[in-house]
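Remarks on the overall topology
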Amino acid sequence: GPSLKSAERLAHTPAYMSRCRRLLLLCGPSLADQLWCVGELYTWRVMGGRMEAVEVLPVASSAAERANVMASFDAFHVIWTTVPASADSTRALVQLVELAGVAGFNEVVRGFLPAVRKAVDAQATAEAARAAIARGGSARGSPEDCANGESGTGAGSSAQQASGLMADVPPIHLPPSATVPVEVGATTAIRGTA
């Protein structure tokens, strides 16, 4: 709970993660840079969390930020992560990595890349569709075209439907280096931003 010290919260992470059926990952460009956050991702998988139960919500406002989010998972290595200020928390996280082995830990964290890529592509497609509709057209093309801001024009209802899914969702802006696990019912959210 909120009255626990950070090292105590960390010690309870396996219990929290094992009770969750789903994982909501609020994924900004620096999430994979935070040892605490990737430690929670590792714990989720080790405690039986399935990738099918992971929902990724990219916290990225530009194509460059989306690329940074994907690159942070694609090129992840635990050696480049930042550690918490608490010596007790740092010690516990280092022990977690030692138990997992560096290669095993890296592999598990990189295993989130397909889910991250899918969510980033969906965000880029939705943003391109909204932009195209705002210009009076519709969006067509691949996620790569949409990520680059390119879209077709015309009267396609699929683009309008895609845009409608995200039309009322405002962009998420979080403070720099925010890493806060949030429990919502049976879902755990891990937030990390640049």
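Residues numbered from 1 in each chain as written. Predicted model: local features only at pLDDT ≥ 70, side-chain atom pairs only at ≥ 80, totals over all residues. Heavy atoms only, no water.

**Here's the deal with helix H2 (residues 35-46)**
Between its terminal C-alpha atoms H2 stretches 16 Å, which fits the 16 Å expected from 12 residues at 1.5 Å a residue. Turning to H2, its buried residues are Leu35, Trp36, Cys37, Val38, Gly39, Glu40, Leu41, Tyr42, Thr43 and Trp44. (Helix = DSSP H or I, 4+ residues; strand = E, 2+ residues; numbered from the N terminus. Expected span 1.5 Å × (residues − 1). Buried < 20%, exposed > 50% of the residue type's maximum accessible area, 1.4 Å probe, protein only.)

**Regarding helix H5 (residues 102-110)**
Those residues of H5 that fall on the buried side of the exposure criterion are Phe105, Asn106 and Val109. Along the axis of H5, the buried residues cluster in a sector spanning 95°; they form a single face. Projecting away from the buried face of H5 at angles above 90 degrees are the exposed residues Ala103 and Glu107. Residues of H5 that are buried make contact with H2, helix H3 (63-74), helix H4 (87-100) and helix H6 (113-134). (Arc of directions from axis to C-beta. Contact = heavy atoms within 4.5 Å.)

**Let's talk about the nonpolar core**
Counting 34 residues, the largest nonpolar core has Phe73, Phe105 and Phe112 as its most contacted members. Counting residues per element, the ones that place at least two in this core are strand E1 (22-27), H2, strand E2 (54-58), H3, H4, H5 and H6. Once you skip the residues sitting within four places of it in the chain, Phe112 turns out to touch Leu23, Leu25, Leu41, Trp44, Arg45, Met51, Val54 and Phe73. (Core = buried A, V, L, I, M, F, W, Y, C linked by side-chain atoms within 4.5 Å.)

**Let's talk about the environment of Ile79**
Position of Ile79 relative to the elements: it lies in the loop between H3 and H4. A residue is classified by how much of its surface remains accessible, and Ile79, at 60% relative accessible area, is exposed. Sequence separation between Ile79 and Val102 is 23 residues, and the spatial gap between their C-alpha atoms is 8.5 Å.

**Some remarks on the packing of aromatic side chains**
Tallying each qualifying case throughout the model produces two aromatic pairs. Here the aromatic rings of Tyr42 and Phe105 are separated by 5.0 Å at their centres, their planes lie at 25°, and the arrangement is stacked. On the criterion of sequence distance, the pair formed by Tyr42 in helix H2 and Phe105 in helix H5 is long-range, its members being 63 residues apart. Pairing Phe76 with Phe105 gives two aromatic rings, centres 6.4 Å apart and planes at 40°, and the pair type is tilted. In this pair, Phe76 is assigned in the loop between H3 and H4 and Phe105 in helix H5, connecting sequence segments 29 residues apart. (Phe/Tyr/Trp six-rings, centres within 6.5 Å; stacked < 30°, edge-to-face > 60°.)

**Brief notes about the pattern of salt bridges**
Summed over the entire model, instances satisfying the criterion amount to three salt bridges. For the salt bridge of Arg66 with Glu127, the shortest nitrogen-to-oxygen distance reads 2.8 Å. One end of the pair, Arg66, is in helix H3; the other, Glu127, is in helix H6, and 61 residues separate them in sequence. (Salt bridge = Lys/Arg side-chain N within 4 Å of Asp/Glu carboxyl O.)

**Some thoughts on the packing of H4 against H5**
Two elements in contact, H4 and H5, have axes whose closest approach is 6 Å; the angle formed by their N-to-C orientations is 100°. The orientation of H4 with respect to H5, classified from their angle, is roughly perpendicular. Contacts from Leu96, Val97 and Ala100 of H4 reach H5 at Val102, Gly104 and Phe105. Of the residues belonging to the contact of H4 with H5, the class tally is five nonpolar, one polar and no charged. (Axes fitted to C-alpha atoms, helices over the stretch in contact; angles between N-to-C directions. Parallel < 35°, antiparallel > 145°, perpendicular 65-115°, else oblique. Nonpolar A, V, L, I, M, F, W, Y, C, P; charged D, E, K, R; others polar.)

**With respect to the packing of H3 against H6**
Running from N to C, H3 and H6 cross one another at 175°; their axes reach a closest spacing of 9 Å. What the angle tells us is that H3 and H6 run roughly antiparallel. Residues Arg66, Val69, Met70, Phe73 and Asp74 of H3 lie in contact with H6, whose contacting residues are Leu113, Val116, Arg117, Val120, Gln123, Ala124 and Glu127.

**Thoughts on the pairing of E2**
On E2, burial follows the alternation: Val54, Val56 and Pro58 on one face are buried, whereas Glu55 and Leu57 on the facing-out side are not. As defined by bridge partners, E1 adjoins E2 across five bridges and the pair is classed as parallel. Bridged to Cys27 within E2 is Pro58. You can see the chain leave E1, run along H2 and come back into E2, and the turn it takes is right-handed. (Pairing = 2+ DSSP bridges. Right-handed = clockwise from strand over helix to strand, strands pointing away.)

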